[in-house]
Amino acid sequence: QAQLHESGGGLVQAGGSLSLSCAASQLTFEHYAMGWFRQTPGKAREFVAAITWSGEGTMYADSVKGRFTVSRDNAKNTVSLQMSNLKPEDTAVYYCAADSSVWGCTRNWKSYDFWGQGTQVTVSS
């Protein structure tokens with residue numbers, strides 16, 4: 001069974017930066033597009049960013065465009081999310097996910113096959 005494990009969450013002040021990493025195992029990593037989502041209690045899961053299997057294509061939610069950068073290292077089976085100029089509204093549990101069903105990448109969470117357990121990001125004002 002594929003496993004995804006996020007790390008790098010924590011507490012940061014507004015305007016600060018944080019980098020999340022997701023390590024994948026038990027899957028052929030380069031066969032999967034990867035996505036980042038976030039969720040706060042009582043709210044629906046929200047798309048954040050996605051990257052194609054090759055890393056050549058990326059996609060971002062409007063709310064994070066210009067502040068977050070998604071990247072991947074297929075040699076290390078990892079995908080990262082560099083977050084800068086963080087805002088209190090970025091506070092959430094962040095999840096990485098793997099999607100084998102598309103050639104590109106998608107913001108549709110239903111398309112993703114595997115999910116990590118999540119990592120908490122808290123941005124204080």
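Below is a summary of the structure that appears in this document. (Residues numbered from 1 in each chain as written. Predicted model: local features only at pLDDT ≥ 70, side-chain atom pairs only at ≥ 80, totals over all residues. Heavy atoms only, no water.)

1. Some details on the pattern of salt bridges
In total, this model carries four salt bridges according to the counting rule given. Residues D90 and R38 are paired through a salt bridge, measuring 2.9 Å at the closest nitrogen-oxygen approach. Pair noted here: D90 is in the loop between β8 (78–83) and β9 (92–99) and R38 is in strand β4 (residues 33–39), with a separation of 52 residues, a long-range link. With a relative accessible area of 1%, D90 lands in the buried category. In this structure, D90 and R67 form a salt bridge, with 2.7 Å as the shortest nitrogen-oxygen distance. On the criterion of sequence distance, the pair formed by D90 in the loop between β8 and β9 and R67 in the loop between β6 (58–60) and β7 (68–73) is long-range, its members being 23 residues apart. A residue is classified by how much of its surface remains accessible, and R67, at 9% relative accessible area, is buried. What emerges from the salt-bridge pattern is a single network uniting R38, E46, R67 and D90. (Salt bridge = Lys/Arg side-chain N within 4 Å of Asp/Glu carboxyl O. Helix = DSSP H or I, 4+ residues; strand = E, 2+ residues; numbered from the N terminus. Buried < 20%, exposed > 50% of the residue type's maximum accessible area, 1.4 Å probe, protein only.)

2. Observations concerning the nonpolar core
Residues L4, L27, M34, W36, L81, M83 and Y94 are the most contacted members of the largest nonpolar core, which totals 38 residues. Contributing elements (two or more residues each) for this core: β3 (18–25), β4, β5 (46–51), β7, β8, β9 and β11 (119–124). Not counting the four nearest positions on each side in its chain, L81 is found in contact with L18, S19, L20, W36, V48, A49, F68, T69, V70 and Y94. (Core = buried A, V, L, I, M, F, W, Y, C linked by side-chain atoms within 4.5 Å. Contact = heavy atoms within 4.5 Å.)

3. Digging into the state of the cysteines
The final tally for this structure, using the stated rule, is one disulfide. Here C22 engages in a disulfide with C96; their sulfurs sit 2.0 Å apart. Here C22 and C96 share a disulfide; its torsion about the S-S bond, 45 degrees, makes the bridge right-handed. Taken together, the residues C22 in strand β3 and C96 in strand β9 connect sequence positions 74 residues apart. (Disulfide = S-S within 2.5 Å.)

4. Describing the sheet that holds strand β1 (residues 3–7)
Sheet architecture is open: four strands sit in the order β1-β3-β8-β7, paired in antiparallel fashion. With one partner strand each, in any of the chains shown, β1 and β7 form the two edges of the open sheet. Pairs of neighbouring strands in the sheet enclose a mean axial angle of 15 degrees, with direction left out of account. Where β1 lies against β3, five bridges are found, and the strand directions are antiparallel. Pairing of Q3 across the sheet is with S25, part of β3. (Pairing = 2+ DSSP bridges. Axes fitted to C-alpha atoms, helices over the stretch in contact; angles between N-to-C directions.)

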